[in-house]
Amino acid sequence: MKLPIVDHPTAARPFVTNPKRSPWHDKALWFVRSKRDKQAKGVSEWEHLRELASEIKTHTVANLADYLEKFEQAATNLGATVHWAADAAEHNEIVLKILRRHETLRIVKSKSMLTEECGLNHFLENNGIEVVDTDLGERIVQLRDETPSHIVLPAIHIKKEEVGETFHQHLGTEKGASDPKYLTEAARQHLRNKFLLGEVGITGVNFAIAETGGIVVCTNEGNADLGVSLPKVHIACMGIEKLIPRFQDLSVFTRLLARSATGQPITTYTSHFHGPRDPDSELHIVLVDNGRTRLRGNSEFRDSLNCIRCGACMNTCPVYRRSGGHSYHATVPGPIGSVLSPTRDAKSYKSLPYACSLCGSCTDVCPVKIPLHHQLLAWRKELVGRGLLPVSKRVSMRFASMLFQRPRLFAVAGKCGRTALRVLPHWMTHNRLNTWTIARELPSPPRESFREWYGRNRNDD
Amino acid sequence: MPVALFVPCYIDQFYPDVAVATLELLERLGLDVVFPEAQTCCGQPMANTGCASETAPVARRMVEIFADYDAVICPSGSCTAMIRHHYAEYFTEDATQYEKVASRTFELCEYLHDVLQVERLNVRFPHRVSLHQSCHGLRELRLGGSSESMTPRVDKVREILELVEGIEWCTPERSDECCGFGGTFAVNEPDVSAAMGRDRIADHLATGSHVIASADMSCLMHLQGLIRREEQPISVMHVAQILVGRPVTRPAVPSNPSEAIR
Amino acid sequence: MNASTSSRRSMLDRIRTRPLDSNPLPTVNPSRMTTYSDPVQKFVEILGTVGGQAHIIDRPEQIGETLNAIEVFTNARRIASLVPEAIQGDVDPSCFDDPHGLASLDWVVAPGEFIVAENGAIWVDGRSLPHRVLLFIPQYLALVVSRSQVVNHMHEAYARIGTPTTNFGVFVSGPSKTADIEQSLVLGAHGCRTLQVFLLP
Ligand code: SF4
């Protein structure tokens, strides 16, 4: 599939220049990050846990084949059915086949970034199956026919008045109502019915344990649990990087995940499923590759497979907070998304590694210590190596490099530039052709550079 | 043996007083300082764009220029980080000279704090000051503790500024959020960059601060550009200027602001 | 599942043709982690911050007394209790074959195995539930645990569970909640609206 080219600055403009939207979005996410800081501070071994998490994940990815087989064996022994999907299409087919076998018409689904990545909803709907996203945020974006703008807070870009309007249209709430309590209650009632009618429950997976064959699903709303404890069939879809070796390793990840994600000490429900509910029920686990084994082969970007999808890098990213998740045009936005998206299609997503000031906040916040900002920098090198940097930029960098290798020329060019800035009228140097000056003044140019001053004042020869 | 002064290209050209202040400060502290005139730029603009082959010759000549000094002192966290953490790939064949330079290149405050262990400065700066932490100083050089990290660290820039008498400290709500400069980011993503800068300025203004101080002039160049365009009542100063007791410079209003095209 | 089998082979092959140097799996040392001088107190405090309510009691009968002081309990029509010594329910969930029949439950009183100080979580073993939906479907939930069964943190918690021997187990920390509308916290998303935790000796 050919993807359109995403130009992040252009895609971000309407959001970031909207004074009602961008500062509001920024504050909401900063609030989440502040809660995360408070939680992390409360755990004196925080940095040690990050180190452990990073080592466990790196070890797992290195030995992934062994752990996948171990997991399959253990899960099968417990009575679960394990499926393998090489790509999104195969994943969707596997799910559809299970649903067809049960003559399913309605499914309830809890949050799963993997099924978003695979486009499962539309696929199933096109095959005549009603799909109900039961996470409140996901339900909101589903009713609005949008996509999540954040992996943990899917509707973070939507205002309560807009939710009110959507619920008024679809759920019949009062017109103009925007109280979150009222709207949440309305969604609760509406989704209760859907839960009771759901014939199959689909969930994502936060962790899969190779040693025991179990899976762990974390939610705050209880929607995953409600969704899979009523129907007899549970389908759990997971990327193969969700594996961890031992049951005990969960202790490290359950301490980090919710604290990093939403600033809670743990998610409200941390559910452990080991095999189907009873002999009459089924548990299907779909292991999805969809580019992950290829990413594993890439030594530069392999660490990004360690991601536990906590969303903390989004909450902390000053660019994400101001430009909104949709400006990335990807299932996973923000810093980790800007690392992952170009691994799928470098050309389409070539602007994302540049949508970053290299502040490094994401790297310090990431609970599994992915060196995110260094990976974004590495991507830039990769893109230049593949000839994907616009010629104009490459030429100006060549020119700069040439200048920096010739100190005399550099001094002369500097002098000319400063003189021009001083003598030319303001409008000639501050116009639309100069991106710097759209919002800012240029520095007032001094008559003398430091090197000139130094020559006059300190050089004896 | 003299120490070398490494002056980032934009400071050389646009903010010579920052370099002069740095030089004066080090001289006052009794050091023999030279400015090797063959230096130009550390190569960060090219490196951060991903242009490795354009960066390599610049990096190599920088290392050669500074190879023979016991210490290289730079009034910028960002450019120091470039040399210390991002040069290695250009010296894969013989890294000895590079390693020597990397281990002896210091950001100014870091040098004052760790090497000279300065305890007195005899300067006054009776103003309301708020500190802008540069991301590279903080998260690459670890000049202080970043708010994300739970590893306790000494804030070296702040500790050095504490030696100045008369400062009334103002603390912004977001202690270390990025200002949005980011080198070429400022022109690649002009809208986001400006939004980030404006938010920082508003945060500093809200504290009642009169001077935003930073150890990185590049952040301040960006903030100053916004401050002057929007005529905000706050100044920016490099830490070196404060440490030698320069007076506060009022933000100069653009020569003809009405002509500024928005 | 032929396609899946060939994908299985191709995925595993792709991984195996790229062997990587592996770091050792680290050992997690629980004794390195924060412990609390009064872990029960810590649990009570944290449970409060996540929207739950803890009650330290001496006798199971006090559970009924406490609940009867709660209006939504006295108004409740359908109560299922898995802790009969505390309270008699009026619905016997084990009589239901289909969990859908439990949809109209107002209250469930269920036993928990142990509590975790650091995060206010209660471990509930699926074995104690005739239907696992009992934990998620009622409007209100009360859990009953012995406060002598307390661990400091998740490392002790997982060590205590050991190897899971039941097909379901869950850590519950507070009532169900969401902040999906403008980050405003609302208790009672899909699961219980409130959570009462009774800590017996
Ligand atoms: S990259 Fe790190 S911070 Fe970002 S979502 Fe993944 S685990 Fe969380």
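Residues numbered from 1 in each chain as written. Chains lettered and ligands numbered in written order. Predicted model: local features only at pLDDT ≥ 70, side-chain atom pairs only at ≥ 80, totals over all residues. Heavy atoms only, no water.

1. Some points on the overall build of chain C
What chain C contains, in helices and strands, is five helices and eleven strands. The C-alpha radius of gyration of chain C comes to 21 Å, more than 25% above the 17 Å expected for a compact globule of 201 residues. If one aligns the C-alpha atoms of chain C with their principal axes, the spans along those axes are about 65 × 45 × 40 Å. Taken across its 201 residues, chain C has 54% of its residues classed as buried. A separation threshold of at least 6 residues defines the contact pool for chain C, and within that pool the share at least 24 residues apart is 73%. (Helix = DSSP H or I, 4+ residues; strand = E, 2+ residues; numbered from the N terminus. Rg over C-alpha atoms; globule rule 2.2 N^0.38 Å. Buried < 20%, exposed > 50% of the residue type's maximum accessible area, 1.4 Å probe, protein only. Contact = heavy atoms within 4.5 Å.)

2. Brief notes about the overall build of chain A
Along its length, chain A carries 22 helices and ten strands. For the C-alpha atoms alone, the extent of chain A along its principal axes is close to 90 × 55 × 45 Å. The buried share of chain A, reckoned over its 461 residues, is 66%. Sequence-distant contacts in chain A: of pairs separated by 6 or more residues, those separated by 24 or more amount to 73%. Of the roughly 16,200 Å² of accessible surface on chain A, a fraction of 54% belongs to carbon and sulfur atoms. Each charge sign in chain A was given a centre, from 62 positive and 49 negative side chains, and these centres are 9 Å apart. (Areas by Shrake-Rupley, 256 points an atom, 1.4 Å probe, with all protein chains shown as cover. Lys, Arg positive; Asp, Glu negative; His and termini not counted. Charge placed at Lys NZ, Arg CZ, Asp CG, Glu CD.)

3. A word on helix 9 (residues 160-171) of chain A
Residue and element names in this part refer to chain A. Residues of helix 9 that are buried: V163, G164, T166 and F167. For helix 9, the angular spread of the buried residues around the axis is 165°, confining them to a single face. G172 sits one or two residues past helix 9 and shows a positive phi near 75°. (Arc of directions from axis to C-beta.)

4. So, empty space enclosed by the protein
Residue and element names in this part refer to chain A. Summed over all chains, the structure comprises eight cavities of 30 Å³ or more. Estimated volume of the largest cavity: approximately 110 Å³. Around the largest cavity, the lining is made up of 18 residues, and of these C317, P318, P335, C356 and C362 lie nearest the centre. Those elements giving two or more residues to the lining of the largest cavity turn out to be helix 15 (318-323), helix 16 (334-344), helix 17 (361-365) and helix 18 (372-385). Of all the elements, helix 16 adds the most residues to the lining of the largest cavity, at three residues. When the residues that make up the lining of the largest cavity are grouped by side-chain class, the tally is eleven nonpolar, seven polar and no charged. (1 Å grid on protein atoms, 1.4 Å probe; cavity = no way out; pocket = protein on both sides within 12 Å on 5 of 7 lines; lining within 4 Å. Points joined across faces, edges and corners; volume = space filled by probe spheres on them. Nonpolar A, V, L, I, M, F, W, Y, C, P; charged D, E, K, R; others polar.)

5. Observations regarding the sheet that holds strand 6 (residues 214-219) of chain A
Spatial ordering of the open sheet is given by 8(A)-5(A)-6(A)-9(A)-8(C)-5(C)-4(C)-7(C), a layout of eight strands whose pairing is mixed. Either end of the sheet is taken by a strand with one partner, and the two such strands are strand 8 (243-244) of chain A together with strand 7 (150-151) of chain C. Relative to strand 5 (residues 121-125) of chain C, strand 4 (residues 114-116) of chain C runs antiparallel, the two sharing three bridges. Note that in strand 5 of chain C the partner of C:I115 across the bridge is C:I122. (Pairing = 2+ DSSP bridges.)

6. Remarks on the interface of chain A and chain B
If you look at the interface, chain A gives 78 residues, while chain B gives 79 residues. Across the interface of chain A and chain B, roughly 6,800 Å² is buried in total on both sides, 58% from carbon and sulfur atoms. When the buried surface of chain A facing chain B is broken down by residue, A:F404, A:R440 and A:F450 rank first, second and third, together holding 11% of it. Counting across the chain A and chain B interface gives 13 salt bridges. Between A:K381 and B:E89 there is a salt bridge; the shortest N-O distance is 2.6 Å. Taken together, chain A and chain B are joined by 43 residue pairs in polar contact (both at pLDDT 80 or more). At eight residues, helix 2 (residues 22-41) of chain A tops the list of elements feeding residues into the side of chain A that touches chain B. Looking at the side of chain A that touches chain B residue by residue, the class counts come to 34 nonpolar, 20 polar and 24 charged. (Buried area = accessible area lost by both parts, 1.4 Å probe. Salt bridge = Lys/Arg side-chain N within 4 Å of Asp/Glu carboxyl O. Polar contact = N/O pair within 3.5 Å; in protein donor to acceptor, adjacent residues only side chain to side chain.)

7. Observations concerning the domain arrangement of chain A
Looking at the assigned domains, one finds that chain A contains domain 1 (43-290) and domain 2 (399-457). Taking only C-alpha atoms into account, the centre of domain 1 of chain A sits 55 Å from that of domain 2 of chain A. (Domains from an automatic or database assignment.)

8. Topic: the interface of chain C and chain A
The partner chain A presents 99 residues to the 71 residues of chain C that form the contact. When chain C packs against chain A, close to 7,300 Å² is buried across both sides, 58% of that on carbon and sulfur atoms. Looking at the side of chain C facing chain A, the largest losses of area belong to C:Y158, C:I181 and C:H190, adding up to 11% of the total buried there. Taken together, chain C and chain A are joined by eight salt bridges. Linking A:R259 and C:E118 is a salt bridge whose minimum nitrogen-to-oxygen distance equals 2.7 Å. Top contributing element to the side of chain C that touches chain A by residue count: helix 1 (residues 2-16) of chain C, with nine residues. Partitioned by chemical class, the residues of the side of chain C that touches chain A number 35 nonpolar, 24 polar and twelve charged. As paired elements, strand 9 (residues 269-273) of chain A and strand 8 (residues 168-172) of chain C share five bridges and run antiparallel to each other. Each bridged residue has a counterpart across the sheet, and for A:Y269 the counterpart in strand 8 of chain C is C:V172.

9. Details of helix 6 (residues 96-104) of chain B
Within helix 6 of chain B the residues assigned to the buried category are B:Y98, B:V101 and B:A102. Here the buried residues of helix 6 of chain B occupy an arc of 100° about the axis, which is enough to place them on one side.

10. Quick look at the site of the ligand
Within the structure, the ligand sits among A:C307, A:I308, A:R309, A:C310, A:G311, A:C313, A:I336, A:C366, A:P367, A:V368, A:I370 and A:L372. Residue composition of the shell around the ligand, grouped by class: ten nonpolar, one polar and one charged. (Near = heavy atom within 4 Å.)

11. A word on the arrangement of the chains
In this assembly, two pairs of chains are in contact, and the pair contributing the most contacts is chains A and C. There is a clear gap between chain B and chain C: no contact, and 15 Å between their nearest C-alpha atoms.

12. Section: the confidence of the model for chain C
Looking at chain C as a whole, the pLDDT averages 95, with 98% of positions reaching at least 70. As scored by the predictor, the complex reaches a pTM of 0.96 and an ipTM of 0.97. (pLDDT = per-residue confidence, 0-100.)

13. A few points about the packing of aromatic side chains
Working definition: an aromatic ring pair is given by the centre-to-centre distance plus the angle between the planes. Taken as a whole and judged by the stated rule, the model has 24 aromatic pairs over all chains. Plain terms: the ring middles of B:F106 and B:Y111 are 5.3 Å apart, the flat faces sit at 55° to each other, and that makes the pair tilted. Exposure remark for B:Y111: the relative accessible area of 6% places this residue in the buried category. Between the aromatic rings of C:Y158 and C:F171, the centroid separation amounts to 5.5 Å while the plane-to-plane angle is 70°, which identifies the pairing as edge-to-face. (Phe/Tyr/Trp six-rings, centres within 6.5 Å; stacked < 30°, edge-to-face > 60°.)

14. With respect to the environment of B:L138
All names here are of chain B. The topology assignment puts L138 in helix 8 (residues 135-140). When its relative accessible area of 2% is taken as the criterion, L138 is described as buried. Considering only alpha carbons, one finds L138 and I234, 96 residues apart in sequence, at a separation of 23 Å. For L138, the residues in contact, after removing those within four places along its chain, are Q133, L143, G144, G145, S146 and D176.

15. Notes on the sheet that holds strand 7 (residues 211-214) of chain B
Residue and element names in this part refer to chain B. Pairing in this open sheet of four strands is parallel, and the strands run 6-5-7-8 from one edge to the other. Both edges of this open sheet fall to strand 6 (168-170) and strand 8 (235-238), since each of them pairs with a single strand only. Ignoring strand direction, the axes of neighbouring strands in this sheet form an average angle of 35°. Bridge analysis of strand 5 (residues 128-132) against strand 7 gives four bridges, and the strand direction is parallel. Residue pairing in the sheet places S130 in a bridge with I212 of strand 7. (Axes fitted to C-alpha atoms, helices over the stretch in contact; angles between N-to-C directions.)

16. Focus: the packing of helix 12 (residues 250-262) of chain A against helix 5 (residues 154-161) of chain C
Contact pair helix 12 of chain A / helix 5 of chain C: the axes reach a minimum separation of 8 Å and the direction vectors enclose 140°. As judged from the angle between their axes, helix 12 of chain A and helix 5 of chain C are oblique. Here helix 12 of chain A and helix 5 of chain C pass one another in a crossing that is right-handed. Contacts between helix 12 of chain A and helix 5 of chain C involve A:L250, A:S251, A:V252, A:T254 and A:R255 from the first element and C:M154, C:H155 and C:Y158 from the second. Residues that form the contact of helix 12 of chain A with helix 5 of chain C fall into these classes: four nonpolar, three polar and one charged. (Parallel < 35°, antiparallel > 145°, perpendicular 65-115°, else oblique. Left-handed = near helix turned anticlockwise from the far one by under 90°.)

17. A closer look at the pairing of strand 5 of chain B
All names here are of chain B. Where burial is concerned, most of strand 5 is hidden: four out of the five residues are buried. Relative to strand 6, strand 5 runs parallel, the two being bridged by three bridges. The partner of S130 across the bridge, within strand 6, is C170.

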